[in-house]
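Structural overview
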Amino acid sequence: MVGTKTVTVTVDGRAVEVPDGSTILEAAQTAGAQVPTLCYLKDLNEIGACRVCLVEIEGTEQLVASCNNVALDGMTVRTNSPRVRAARKANLEFLLSRHDSTCTSCVRSGNCSLQSLANQFGISELPYRKELTCTPWNQDFPLIRDADKCIHCLRCIQVCDKVQNTGVWDLTNRSSHTCVGVAGGAPIEQTDCTLCGQCVTHCPTGALRERDDTERVFDAIADPDTTVVVQVAPAVRAAWGESLGLSHGEATIERMAAALRELGVDYVFDTSWSADLTIMEEGSELLAKVAEALELGPDHPDAPRFPMFTSCCPGWVRYAKAHHPELVDQLSTAKSPGQMFGAVTKSWFAENAGLDPHRIFSVEVMPCLAKKAEVAYGPMNDACGDPDVDVSLTTREMGRMFRAACIDVASLPEGELDQPLGTFTGAGVIFGATGGVMEAALRTAHAITTGEEADADAFSDVRGMDGWKEAVFDMGGVPLSVAVVSGLANAKRLIEAVEAGEASYHFVEVMACPGGCAGGGGQPIHDGCELADERGDVLWGLDRAMPLRKSHENPQVQAAYRDYFGEPLSHRSHELLHTDHHAWKMPNEA
């Protein structure tokens, strides 16, 4: 620890040296002591609300929360004294007295921090009378909250405010009636909730979850007159095996395809195919805007406004419409890859396969809650009048379906994806990582503008977990300024910088969830662990191993243009692959 001031703390008889300013919890962890926590999230929620991390300090009468008290030089700490154990157990019993403990019917059973601690402390009965509020909630909304499972840890408030800059959650009521709820007491459907789902993945209990749509899919599979088509998003392949005990090597997209067929699904495709299609449309849209700006000049009243923002993340689109409506016309008009896929499924694919599009049940598996809202938007029905995508499932829901069907996924041999919508490039796969959409777009934009193929890794400056990245690349003599942000608070910072004239870009990728879709609100939950970086590395590794790494190289995308769409931005492309962001409303626009 050269050059850093340190303090010496004795924890359970072991002296340790830690940086000055460290918390008692950090000192205990350095000493190898296992101090339980429940509300704590490092750098985000260090408020000591749950009182489960209490420790005893020699010379101090009261027990103190270790997560938000600083370790002082010479301090002696006891983390496992009889007094500490009794206090922790009593605090847990109090939390459980106001908690709906019907664990067997809770979606987080077996993956709940409160349940784990109750088991750890041997709590088999409660000395307090049970008090539940039975607060009503709109069960049709994609995000479900059960107030009787809330432990008032305040994590949802902190992540929504500090990470996502949305402020949906807040403390309501007063005194002993204080609880967590929608800010201002508004119904959730009347708020500016982006449905990013970060409150869900950071909740330690089952108080927050996604609306479960699995029975709709089971019903469609059971209908002999219905053709069930499933597309799986790029980020899902990096996480779907986590809840099933599979390693990344075992949890391949091919094994997932085999498991989906075991469920009874008729066709299994990969959304990476339509991610490649998205690049062709969105990239062409960007290049057309840049060309028009060069032709008209920056001061021309009809010159396009920059930056152009990506539109593939529905959480970001909801945020833009709610918080920055002045930017909606700068969003790409390209649909998200999932919605493009749905439109293609019920048009080109249905025609080629001889299927009635009205009898196709289109399912997408996404790392996302906002997709559940997106599939229900009125304009998303361009192919045949029915919704282009009928149901959006989270990664977690797909895992639950496998378990409900008693499928031993690990024992299944790998199966191939169906064609023609199962062919994809590395560029499509990296859509699931922050910077991936931008890099995929740059790979193809360079080829279009220069007529030459750059090395696929030439644009790697946009990779990484920094919340705001920027770079400039030469596109045939034109310097193209780009930025990548993930996390909506970072998006706000970038927008404010652009509007203040402190930053200027041609193209900006925005993903609502920190780390991109790999850290999406519909991914498997590992309390206290942020896995977007690790999952993103899986996707970048798959990209490096792909024989084709650029979207314009995808032979089935080429076939779609040759046989059906004609070319990017064609009339048919606009009809099926693009959308009007003003055609549906957020509550603030109603």
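The structure under discussion appears in the preceding block.
The following paragraphs examine the structure supplied in this document. (Residues numbered from 1 in each chain as written. Predicted model: local features only at pLDDT ≥ 70, side-chain atom pairs only at ≥ 80, totals over all residues. Heavy atoms only, no water.)

This brings us to the pairing of strand E3 (residues 54-57). Residues of E3 alternate between two faces, with Leu54 and Glu56 on one and Val55 and Ile57 on the opposite face, all of them buried. For E3 and strand E4 (residues 64-65), the ladder comprises two bridges, and the chain directions are antiparallel. Bridge pairing in E4 places Val55 opposite Val64. Linking E3 back to E4 in an antiparallel pair, the connection comprises six residues, with Gly59 at a positive phi of about 90°. Note: E3 against strand E5 (residues 76-78), two bridges, orientation antiparallel. Bridge pairing links Ile57 to Val77 in E5. (Buried < 20%, exposed > 50% of the residue type's maximum accessible area, 1.4 Å probe, protein only. Helix = DSSP H or I, 4+ residues; strand = E, 2+ residues; numbered from the N terminus. Pairing = 2+ DSSP bridges.)

Turning our eyes to something else, we now look at the side chain of Ser573. Mapped onto the fold, Ser573 is located in helix H18 (residues 571-577). Judged by its relative accessible area of 0%, Ser573 falls in the buried class. One polar contact links Ser573 to Ser570, side chain to side chain, over a distance of 3.0 Å. Setting aside chain neighbours within four positions, we find Ser573 in contact with Glu281, Tyr561, Phe565, Glu567, Pro568 and His578. (Polar contact = N/O pair within 3.5 Å; in protein donor to acceptor, adjacent residues only side chain to side chain. Contact = heavy atoms within 4.5 Å.)

The next subject is unusual backbone geometry. The omega angle of the peptide bond from Phe306 to Pro307 is 0°, so this bond is cis rather than trans. That bond from Gln419 to Pro420 is cis: its omega, 10°, falls within 30 degrees of zero. Take Pro420: it is sitting in the loop between helix H12 (395-404) and helix H13 (426-429). The backbone phi angle of Leu154 is positive, close to 75°, even though this residue is not glycine. Structurally, Leu154 can be placed in the loop between strand E6 (143-145) and helix H4 (155-163). Positive phi is not limited to glycine here, since Cys406 has a value of about 55°. With respect to the element layout, Cys406 can be found in the loop between H12 and H13. You can call Cys406 exposed: its relative accessible area is 71%.

Counted by the stated rule, this structure contains 15 aromatic pairs. Geometrically, the ring pair formed by Tyr267 and Phe349 is edge-to-face, given 5.1 Å between the ring centres and 80° between the ring planes. Of the two residues, Tyr267 sits in strand E11 (residues 267-270) while Phe349 sits in helix H10 (residues 337-353), which places them 82 residues apart along the sequence. Since its relative accessible area comes to 4%, Phe349 is described here as buried. Geometrically, the ring pair formed by Tyr377 and Trp584 is stacked, given 3.8 Å between the ring centres and 10° between the ring planes. One end of the pair, Tyr377, is in the loop between helix H11 (370-374) and strand E14 (391-394); the other, Trp584, is in the segment after H18, with 207 residues separating them in the sequence. With a relative accessible area of 8%, Trp584 lands in the buried category. Ring pairing ties together the aromatic residues Tyr267, Phe269, Trp273, Phe341, Trp348 and Phe349, which thus form one cluster. The side chain of Arg237 reaches across the aromatic face of Phe424, ending 5.1 Å from its centre. Sitting over the ring of Tyr564, Arg572 keeps its end group 4.0 Å from the ring centre. (Phe/Tyr/Trp six-rings, centres within 6.5 Å; stacked < 30°, edge-to-face > 60°. Lys NZ or Arg CZ within 6 Å of the ring centre and 35° of its normal.)

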